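In case you want the letters, here they are:
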Amino acid sequence: MALLEVRDLMVSFATPEGEVHAVNSVDFDVEPGEVMAIVGESGSGKSQTAMALLGLLSENGQARGSALFDGKDLLKLSQSELNQYRGSQVAMIFQDPMTALNPYRTVGSQLREVLTCQRHMERRQANREALEMLEQVRITDPERRLQQFPHELSGGMQQRVMIAMALLARPRLLIADEPTTALDVTVQAEISELLRDYQRRYETAIMLITHDLGVVAGLCERVLVMYGGRVMEYGDVRAIYHQAEHPYTAGLLRSVPRLDRLDDEELHGIPGNPPNLLELPTGCPFQERCQVAIERCSSLPSLTRANHGGLRRCHLEGAIE
Amino acid sequence: MSAPVLTVDGLSVDYQVHIGGIFKRQHLTVHALQDVNFELYRGETLGIAGESGSGKSTLARTVLALQPARSGHVVWRGDDLLAMDREVLRAKRKEMQMIFQDPLGSLNPRLSAGEIIAEPLRTHYPRMARLQIHERVIGMMKMVGLSPEHVNRYPHEFSGGQCQRLGIARALVLNPRLLVCDEPVSALDVSIQAQILHLLKDLQKKLQLSMIFIAHDLSLLRYVSNRIMVLYLGQIMEIGDRASLYQAPRHPYTRALIQSVPIPDPERERRDRERGHRGAIPSPFMPPSGCLFHPRCPFAIERCKIERPSLRPVREGHAACHRVEELHLERDIAAPAASGDSDTAEA
């Protein structure tokens, strides 16, 4: 049974310009211990999908559909019921660690709080566990770090502390929203490896939200590609990277600068602008930027079985060259 | 070859930092740039790669004389900008413009697109006629691929890529000769980056601009640069011709930067690729002894801990490494052998 079963997820926001549909009938599963990715660019709805699962949408946002975690629908829980899941069952890490860490409290006190609150540990034992976790996320000089405040650490260190904090509660699902985007490349590679090691050791399921297809390639088994609030393609990472069947996925893969193909002198991209959620066209949200669009694309294609075994939302048949 | 338009000679920049309270106040000096030398030619693009604390943004600011230097010269078409009278400098600045990382944040939210592009003209040519300004603004919008109908729109009504086009139009309206681009596409969506990069390349060719293009890693620089400079903690680690730097990096840090960029190929990303470095970037307050990269370098020897290597000539460039003659650095993300076994690439 899937750890998380998301069905027909809709997220909308009431704005002065009208109702904005950020996420439209999204379905996906996260299996226990798997690493899956939600990939998309601005306006794809990838972050709002995650926020909806944890009840973190802004005031004017509303989520519909269902998200069964272990059989319980996260979308129907009250705040206090959700608090029993947040952190202990489902933890989240963010792109900017400073927004998630309390600037007024030491690293140690924030880490210990997770253990004393979620796992009802005594202070001394909590301290020991916190220290061990800092070692596990490869923080140098961990004893001194416990006494320090977040601003005294580098960006990479802060990200590690946030990961340590998320993992201390031993969540079954870790939602990581662009965890490496703000970091230097040499640090990025280390954080990716850290997540991979931890996932292997504790079989924690990870839902990675990112725009970086390179990071996905190294970390994830399955990938969900979103555009304009809808799922465009879904399936096995290797299969999709080998043979994408949606023009958007193919375009996104082509847009990544590659240092392994030095013979290709040209950086490719996708023409046009990211979708404006207030003025989405009827039909396929990608049609305006799609170079193989046909007349039929003004009606929304349904998700159908792809040759790679996953799903695709496109009227055209077969792989995209 | 003709004379360089820009010569940076022995440039060093320090920052004084004060930490602590009233009693235990400490004054620290950070060497943001140390003895940086390079030349830039007409129509050439120099790519500068550096991670946080490398001094890349300090370099951009000092080249434009927005930041004082401890020592060294920034010679722009024969004149040292760092020794120049303020009024003369102001006039010279017309020739040098900058494009910033944050497309929306670098535009005044209260000005329309047209006013944003016109502002440099109004500042430097206060007597220019309104009609002439308007024509120039419309011309610039067309040139950067913005629809002239949007001249009265405000920045927040544009997408990130369009805002960056606006920033480019503003930078080019004064007909500069030098364009400094500080991470101009890193805040944009991946699918949009190529558009802006192509635009910059086209405009550079058309206008014969010299460009300094700053990036936090080496992934994008390959598509825009003629030569590349790799900075680490304020020093040049390697500078050289683009093709040879990517094919055969001569400094271990350059190689580490290449190896760290993830590539969208699951087979390769999953085999435990040697990333070519360990540990974190040291604090600029306490730079390591000897070679700045030695604590993280897999090839470091005793000498590297003691003696700081100077830049020495290598094929098509320079590298600051004691072992540059003996090391033959292999990239292990090069194209796989024809046999199809990608695991043999290291051999």
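Now for a quick tour of the structure. (Residues numbered from 1 in each chain as written. Chains lettered and ligands numbered in written order. Predicted model: local features only at pLDDT ≥ 70, side-chain atom pairs only at ≥ 80, totals over all residues. Heavy atoms only, no water.)

## Overview of the nonpolar core
Counting 67 residues, the largest nonpolar core has I168, L179, L200, L218 and L221 of chain B as its most contacted members. With seven residues, helix 6 (residues 190-207) of chain B is the single largest residue contributor to this core. Residues in contact with I168 of chain B, not counting those within four places in the same chain, are I99, V144, I196, L199, L200 and L203 of chain B. Membership of the second largest hydrophobic core comes to 63 residues, among which are M121, Y248, V256 and C290 of chain A. (Core = buried A, V, L, I, M, F, W, Y, C linked by side-chain atoms within 4.5 Å. Buried < 20%, exposed > 50% of the residue type's maximum accessible area, 1.4 Å probe, protein only. Helix = DSSP H or I, 4+ residues; strand = E, 2+ residues; numbered from the N terminus. Contact = heavy atoms within 4.5 Å.)

## Thoughts on the sheet that holds strand 3 (residues 45-49) of chain B
Working definition: the strands of a sheet are paired by backbone hydrogen bonds and lie parallel or antiparallel to each other. Residues and elements named next belong to chain B. The strand order across the open sheet formed by eight strands is 6-7-8-3-9-10-12-11, and the pairing between neighbours is mixed. This sheet does not close on itself; its edge strands, each paired only once, are strand 6 (96-99) and strand 11 (312-314). For this sheet, the mean angle separating the axes of adjacent strands, direction not counted, is 25 degrees. Pairing between strand 3 and strand 9 (residues 227-232): four bridges, direction parallel. Paired with G47 across the two strands is I228, which belongs to strand 9. Its contacts with the sheet put helix 8 (residues 252-260) on strand 9 and strand 10 (235-241), and the angle it makes with strand 9 is roughly 100 degrees. (Pairing = 2+ DSSP bridges. Axes fitted to C-alpha atoms, helices over the stretch in contact; angles between N-to-C directions.)

## Let's talk about the packing of aromatic side chains
Across all of its chains, the model carries eight aromatic pairs over all chains by this definition. Plain terms: the ring middles of Y227 of chain A and F286 of chain A are 5.1 Å apart, the flat faces sit at 80 degrees to each other, and that makes the pair edge-to-face. Linking Y227 of chain A in strand 9 (residues 222-227) with F286 of chain A in the loop between helix 11 (247-255) and strand 11 (304-305), this pair joins segments that are 59 residues apart in sequence. One residue, R222 of chain B, lies across the ring of Y223 of chain B, its end atom 4.6 Å from the ring centre. (Phe/Tyr/Trp six-rings, centres within 6.5 Å; stacked < 30°, edge-to-face > 60°. Lys NZ or Arg CZ within 6 Å of the ring centre and 35° of its normal.)

## Describing empty space enclosed by the protein
The gaps of empty space that remain are located by a probe, the size of a water molecule, rolled over the atoms. As enumerated under the stated definition, the model contains seven cavities of 30 Å³ or more in all. Within this model, the largest cavity holds a volume of roughly 100 Å³. For the largest cavity, the lining is made up of 13 residues, of which S192 and V215 of chain A together with P262, E269 and R275 of chain B are closest to its centre. With five residues, helix 8 (residues 185-202) of chain A is the largest single contributor of residues to the lining of the largest cavity. For the lining of the largest cavity, the residue count by class is five nonpolar, five polar and three charged. (1 Å grid on protein atoms, 1.4 Å probe; cavity = no way out; pocket = protein on both sides within 12 Å on 5 of 7 lines; lining within 4 Å. Points joined across faces, edges and corners; volume = space filled by probe spheres on them. Nonpolar A, V, L, I, M, F, W, Y, C, P; charged D, E, K, R; others polar.)

## Quick notes on the interface of chain B and chain A
Contact residues are listed per partner, giving 46 residues for chain B and 45 residues for chain A. Summed over both sides, the interface between chain B and chain A buries roughly 4000 Å², with carbon and sulfur atoms accounting for 53% of that surface. It is V190, P264 and R270 of chain B in chain B that bury the most area against chain A; as a group they hold 19% of the surface buried on that side. Linking chain B with chain A are four salt bridges, by the criterion used here. Among the salt bridges present, the one from R242 of chain B reaches E265 of chain A, with a minimum N-O distance of 3.0 Å. (Buried area = accessible area lost by both parts, 1.4 Å probe. Salt bridge = Lys/Arg side-chain N within 4 Å of Asp/Glu carboxyl O.)

## Thoughts on the environment of E288 of chain A
Within the secondary structure, E288 of chain A is located in the loop between helix 11 and strand 11. In this structure the C-alpha to C-alpha distance between E288 of chain A and R123 of chain A, which are 165 residues apart in sequence, comes to 58 Å.

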